[in-house]
Amino acid sequence: MLDTSWLERLELFLWPLCAALLAGLVLPAVGVHLLVRRASFHGIVLPQFAAAGVVFAYALLPWWIETIGLGGLTLEGALHDPHAASTFGLAWGAVFTVCGILLLVRAARGSGSEVARAAAGFATASALVLVLGRLSPVGRGPIDALLGGEVLGVGLHEFEVLAAALALSALLLAWFGRDILLASFDRESARVLGLPTGAIEALFQGLVGLAVAAGTLTLGPVLVFGLLVLPPLAARPWVRSMRAFVALSVALGAASALLGEAAALHWDLPLGPSVVLTAAVALVPAPLAARRT
Amino acid sequence: MSVLIRVEQAAFGYGGRAVIAGADLEIRRGDFLGIVGPNGGGKTTLFRGILGLLAPLAGRVERAGARLGYVPQRETLDAIYPLRVEDVVRMGAYAGLRGLRWLSAAQRAAAARAIERVGLAGEARAPFASLSGGQRQRALLARALLAEPNVLLLDEPTSGVDRGAQRRILDLLVELNARDGLAVLLVSHQLGLLRETAREVLWVADGRVLRGPARELLAPEGLDRLFGAAPFAEGG
């Protein structure tokens, strides 16, 4: 246990706690749509691609500064400037996430097992993270912290980046939620009704990519895929409408974030995995709901 | 009567290979047409071409006067979605959403009327996935009606449902056709039911489309002519 009061810990870790809570509110709403599309494994594969992108950004940084430049910063300056490093990492995280999305979309349309191809993508991205991590000028520490979900170093700027990205994703999801739902539930009817299904699909994949890239950069892949997958999976057996599904998933995500944060602070545990394990507890009563129906 | 859909010398197919070639047909207000034919003959291809889900490889399809209502096969819809009957029916209004993309009170009322019209008022808040096959088909019909169509296109609406449910669905279609002048076009394997219900059929086989009166083409002697010496077993 930490040798400080709760108030001091809250003050010290304000931004990491706010970031995890925000992720607990938004990522489950995105995960609901992945679950009904039977694409929850995207929630596991895409954060790994985003992590590979972030690690790639670190590995690339020396070459980039020397050849292209980053606002006049030196390598040392860039590594100590949270704005430059996180924006650069977010950009590459987004690029890798988009590549992951394209790969998954291609896998869905191709022949053979979609899940096997996604698993191959996950294995490749995981290997890339480790190999590129070795090349990183910041050393293994920050990368291990990112991958292990140790997010206590999140500051105001990282929180702002995450908040902007998740707010945009949530806004797009709320605004176009009905179109996204119809285009996935019954694509042909959506086309006959005149909805631009290709644009709607691109919009959905874009908002998933944005949320995943920003979430992974700030909170690491463990917390992101935990919050994308677990709360919707726990909520599904209890609900009869999409609105209730989203509401319960978001409530479970937020509750998991709060309780997981409390556990992490109390027992000095890594924040991300604590939140994910708390979310996993919500799966326990699911068989009761199945029996009830 | 006014032409709603006109297909002129159209070819439809996949990957540049035509499954249907030289199709000419018109769908007018008040038509009641069944699309029938042997498996693999091109029924679904023609249907998708008329719907606009397949672009013609040659020729053209005009739908300038048509407001399409589409009823897909219910098996294509995944039960993992937690949707109530009213949620599914309201999807028929999604193309008309404006501003904040909320359903207006008028759209909600129209959805309720459509649900009532297909006889599912008591099931409006029931999970869509818990309905019987026939009830689900009627819910999808209500959704199509919400778009205020003048042409209703249905893909195998009576397959996999019991005889009573088949009759209820077809009676509803006959009523919509007779009372509102709605043109009805449906794909079906159930020739017996179509012979009693549809006025005309489009016989689709070997890439060609033949149009004729349902009672003649689907009578035993008509089927003998169409199939030569080996008429196929009649379904339903």
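For the structure itself, consult the block above.
Here goes a summary of the coordinates provided. (Residues numbered from 1 in each chain as written. Chains lettered and ligands numbered in written order. Predicted model: local features only at pLDDT ≥ 70, side-chain atom pairs only at ≥ 80, totals over all residues. Heavy atoms only, no water.)

**Examining the overall build of chain A**
Part 1 of the argument: Of the regular secondary structure elements, chain A holds 14 helices and 0 strands.
Part 2 of the argument: Order of helices (α) and strands (β) in chain A, N terminus to C terminus: α-α-α-α-α-α-α-α-α-α-α-α-α-α.
Part 3 of the argument: Taking 293 residues into account, the globule formula puts the C-alpha radius of gyration at 19 Å, and chain A, at 19 Å, falls close to it.
Part 4 of the argument: Seen through its C-alpha atoms, chain A measures out along the principal axes to roughly 55 × 45 × 35 Å.
Part 5 of the argument: Expressed as a percentage of the 293 residues in chain A, the buried residues total 49%.
Part 6 of the argument: For chain A, the accessible surface area stands at approximately 12900 Å², while carbon and sulfur atoms represent 70% of it.
Part 7 of the argument: Here chain A carries 16 positive and 17 negative side-chain charges, and the mean point of each set is 20 Å from the other. (Helix = DSSP H or I, 4+ residues; strand = E, 2+ residues; numbered from the N terminus. Rg over C-alpha atoms; globule rule 2.2 N^0.38 Å. Buried < 20%, exposed > 50% of the residue type's maximum accessible area, 1.4 Å probe, protein only. Areas by Shrake-Rupley, 256 points an atom, 1.4 Å probe, with all protein chains shown as cover. Lys, Arg positive; Asp, Glu negative; His and termini not counted. Charge placed at Lys NZ, Arg CZ, Asp CG, Glu CD.)

**Some thoughts on the nonpolar core**
Part 1 of the argument: In terms of nonpolar packing, the biggest core is built from 119 residues, with L141, L152 and L173 of chain B touching the most fellow members.
Part 2 of the argument: The element contributing the most residues to this core is helix α2 (residues 14-36) of chain A, with 12 residues.
Part 3 of the argument: Once residues lying within four places of it in the same chain are set aside, the contact partners of L173 of chain B are F32, L141, L152, L154, V184 and L186 of chain B. (Core = buried A, V, L, I, M, F, W, Y, C linked by side-chain atoms within 4.5 Å. Contact = heavy atoms within 4.5 Å.)

**Side note on the interface of chain B and chain A**
Part 1 of the argument: Between chain B and chain A, the contact holds 32 residues from the first and 25 residues from the second.
Part 2 of the argument: Area buried by chain B at its contact with chain A is led by Y81, P82 and R101 of chain B, which between them contribute 26% of it.
Part 3 of the argument: Counting across the chain B and chain A interface gives 4 salt bridges.
Part 4 of the argument: At the boundary of chain B and chain A, one finds 11 residue pairs in polar contact (both at pLDDT 80 or more).
Part 5 of the argument: Sorting the residues of the side of chain B that touches chain A by element identifies α1 (43-51), β5 (68-71) and α2 (85-90) of chain B as the ones contributing at least two each.
Part 6 of the argument: For the side of chain B that touches chain A, the residue count by class is 22 nonpolar, 3 polar and 7 charged. (Buried area = accessible area lost by both parts, 1.4 Å probe. Salt bridge = Lys/Arg side-chain N within 4 Å of Asp/Glu carboxyl O. Polar contact = N/O pair within 3.5 Å; in protein donor to acceptor, adjacent residues only side chain to side chain. Nonpolar A, V, L, I, M, F, W, Y, C, P; charged D, E, K, R; others polar.)

**Considerations on the layout of surface pockets**
Part 1 of the argument: In this model, the largest pocket occupies a volume close to 850 Å³.
Part 2 of the argument: For the largest pocket, the lining is made up of 28 residues, of which A174, G177, R178, M242 and R243 of chain A are closest to its centre.
Part 3 of the argument: Secondary structure elements with two or more residues in the lining of the largest pocket: α2, α8 (156-185) and α12 (242-267) of chain A together with α2 of chain B.
Part 4 of the argument: Top contributing element to the lining of the largest pocket by residue count: α8 of chain A, with 8 residues.
Part 5 of the argument: Within the lining of the largest pocket, the residues separate by chemical class into 17 nonpolar, 3 polar and 8 charged.
Part 6 of the argument: One number sums up the size of the second largest pocket: a volume of about 640 Å³.
Part 7 of the argument: As for the second largest pocket, its lining consists of 28 residues, and the residues nearest its centre are R37, A183, S184, R187 and E201 of chain A.
Part 8 of the argument: Looking at the lining of the second largest pocket, the elements that each hand over two or more residues are α2, α5 (82-109), α8, α9 (187-192) and α10 (197-219) of chain A.
Part 9 of the argument: It is α5 of chain A that provides the largest number of residues to the lining of the second largest pocket, a total of 4 residues.
Part 10 of the argument: Split by residue class, the lining of the second largest pocket holds 13 nonpolar, 5 polar and 10 charged. (1 Å grid on protein atoms, 1.4 Å probe; cavity = no way out; pocket = protein on both sides within 12 Å on 5 of 7 lines; lining within 4 Å. Points joined across faces, edges and corners; volume = space filled by probe spheres on them.)

**Quick look at empty space enclosed by the protein**
A probe matching the size of a water molecule, rolled over the atoms, marks out where space remains unfilled.
Part 1 of the argument: Using the criterion set out here, one finds 3 cavities of 30 Å³ or more in the structure.
Part 2 of the argument: The volume enclosed by the largest cavity comes to roughly 70 Å³.
Part 3 of the argument: Every residue lining the largest cavity is listed: S189, V192 and L193 of chain A together with L68, G69, Y70, G92, R143, A144 and A147 of chain B.
Part 4 of the argument: Of all the secondary-structure elements, those providing two or more residues to the lining of the largest cavity are α9 of chain A together with β5 and α4 (133-146) of chain B.
Part 5 of the argument: At 3 residues, β5 of chain B tops the list of elements feeding residues into the lining of the largest cavity.
Part 6 of the argument: The residue makeup of the lining of the largest cavity, split by class, is 6 nonpolar, 3 polar and 1 charged.

Function cannot be read off these values alone, since they describe shape.
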